[in-house]
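Observations on chain architecture
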Amino acid sequence: MHGLNSRARGFWNEPTDLCLAANSFFSIYLGLSNYLISLRNKNININLNKRYFIVFQWLTILVLSRSAASVASLTISLIFIFIYYLFFINKNFIVRKNDLIFIANAAIIFAVILVLNTSFIQNLFLNTYNKLTLNSAYPSVNSRLDGWTSLISIFYANNVKEFLIGFGPGFISLSNELGETLNSLSWILSLLLDLGIIGFGAFLSILYMLFRYLKYMPSELIPYYFISI
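Let me begin by describing the structure that accompanies this report. Quick caveat, the model's predicted, so the values are computed rather than measured. (Residues numbered from 1 in each chain as written. Predicted model: local features only at pLDDT ≥ 70, side-chain atom pairs only at ≥ 80, totals over all residues. Heavy atoms only, no water.)

Secondary structure summary: the protein chain contains 10 helices and 0 strands in total. If you list the helices and strands of the protein chain from N to C, you get α-α-α-α-α-α-α-α-α-α. Here the analysis covers contacts within the protein chain between residues at least 6 apart in sequence; of these, 67% occur between residues at least 24 apart. Within the structure as shown, the protein chain displays about 15200 Å² of accessible surface, and the carbon and sulfur contribution to it stands at 66%. (Helix = DSSP H or I, 4+ residues; strand = E, 2+ residues; numbered from the N terminus. Contact = heavy atoms within 4.5 Å. Areas by Shrake-Rupley, 256 points an atom, 1.4 Å probe, with all protein chains shown as cover.)

This is the structure:
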C-alpha cells in the first residue's frame, strides 16, 4: 500500500495480533537459540541459529506492525525479568562479555537505521507513546477508551448469571460485527463479558499452571518463556 507507512498484518486480523504472536514465538525462538549456544559451550555439537537474525526478524515485525500493546507487554516483561535477576538470581548483576558485544552491535545497527529513516522512526515512537500514555488528542486512543467504557457499562448492567458465567464465547465479537459494541475493544474485558467471572478465573488458573512449568525448565530458557506467556 504505502511502504513503511502501511501497518503490516500478515494473515492476522489486525497488526496487534501479529505483534503479540511474534512476541510469543520469537522469544521462545531466541531463548532456544541461546540454550543451544550454552550446550555448544559444553562441547556438545549442535547447529546454531544466529541471534542477530532472530532479533532482526522480531524487531522488523514490531516496527512494521507498530502495535503499542505488544511494545508495552514486552517492556513490562523485560522490566520484571530485570528486577527478578537483579534481586533474586544474580545480586552482583555481572553482564557477560558476549552480551555486551551483542548489545553494542545492536545499538550501532539501530543508530544507522535511525539516521537513514529519521522521520519514520520519529513517527513510530510518537504514535506508540501517544497510545501508551492514552493521549486523548489521538483518535485511536479515543476509540479505545470509548470501546472500553462501553464494555464496562455492559458488564455491570446485567444480572448475576451473566456476571458469573458471561454471555457466551464469541458474544463480543458478534456484537461488534453487528454494531452493538464499539471498536478497539479490550481482550481482557471481552473475556469477562464472554465467560464471566468464573470463566475469567479459569483463564487465570491456566496462566498459573503455565507459570508453574518455569521451575522445570533450563535456566537459559526461563526468561524467554516468561516473555512468551
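From this point, the narrative continues.
Here Ser 77 is to be found in helix α3 (residues 68-89). Not counting residues up to four positions away in its chain, the partners in contact with Ser 77 are Phe 226 and Ile 227.

The first and last C-alpha atoms of helix α2 (residues 51-65) sit 21 Å apart over 15 residues, in line with the 21 Å expected at 1.5 Å per residue. Along α2, the residues that are buried comprise Arg 51, Ile 54, Val 55, Trp 58, Leu 62 and Ser 65. When α2 is viewed along its axis, its buried side chains cluster within an angular range of 115° and face the same direction. Just past α2, the residue Arg 66 takes up positive phi, approximately 50°. (Expected span 1.5 Å × (residues − 1). Buried < 20%, exposed > 50% of the residue type's maximum accessible area, 1.4 Å probe, protein only. Arc of directions from axis to C-beta.)

Another aspect to go through is the layout of surface pockets. Looking at the second largest pocket, its volume works out to about 1800 Å³. For the second largest pocket, the lining is made up of 50 residues, of which Thr 16, Leu 20, Ala 69, Trp 187 and Ile 188 are closest to its centre. (1 Å grid on protein atoms, 1.4 Å probe; cavity = no way out; pocket = protein on both sides within 12 Å on 5 of 7 lines; lining within 4 Å. Points joined across faces, edges and corners; volume = space filled by probe spheres on them.)

Right, let's talk about the nonpolar core for a bit. Counting residues in hydrophobic clusters, the biggest one holds 12 residues: Cys 19, Ala 22, Phe 26, Leu 30, Ile 54, Val 55, Trp 58, Leu 62, Leu 74, Ile 81, Tyr 224 and Ile 227. Sequence-distant contacts of Phe 26, that is, excluding residues within four places in its chain, are made with Ile 54, Gln 57, Trp 58 and Ile 61. Listed in part, the 8 residues of the second largest apolar core include Leu 151, Ile 172, Leu 193 and Phe 200. (Core = buried A, V, L, I, M, F, W, Y, C linked by side-chain atoms within 4.5 Å.)

Quick look at the packing of helix α1 (residues 15-41) against α2 now. For the pair α1 and α2, interaxial distance at closest approach is 9 Å and the crossing angle is 170°. Here α2 runs roughly antiparallel to α1, going by the angle between their axes. Where α1 approaches α2, its residues Pro 15, Leu 18, Cys 19, Ala 22, Asn 23, Phe 26, Ser 27, Tyr 29, Leu 30, Ser 33, Asn 34 and Ile 37 are matched on the opposing element by Arg 51, Ile 54, Val 55, Gln 57, Trp 58, Ile 61, Leu 62 and Ser 65. Class assignment of the residues belonging to the contact of α1 with α2 gives a composition of 13 nonpolar, 6 polar and 1 charged. (Axes fitted to C-alpha atoms, helices over the stretch in contact; angles between N-to-C directions. Parallel < 35°, antiparallel > 145°, perpendicular 65-115°, else oblique. Nonpolar A, V, L, I, M, F, W, Y, C, P; charged D, E, K, R; others polar.)

As a further point, take the environment of Thr 181. Here Thr 181 shows up in the loop between α8 (171-177) and α9 (187-212). Spatially, the C-alpha atom of Thr 181 lies 9.7 Å from that of Asp 146, the residues being 35 residues apart in sequence. Once residues lying within four places of it in the same chain are set aside, the contact partners of Thr 181 are Leu 151, Ile 154, Ile 172, Ser 175 and Asn 176.

A word on the environment of Glu 180. With respect to the helices and strands, the residue Glu 180 is situated in the loop between α8 and α9. The sequence separation of Glu 180 and Ser 150 amounts to 30 residues, and the corresponding C-alpha distance is 9.8 Å.

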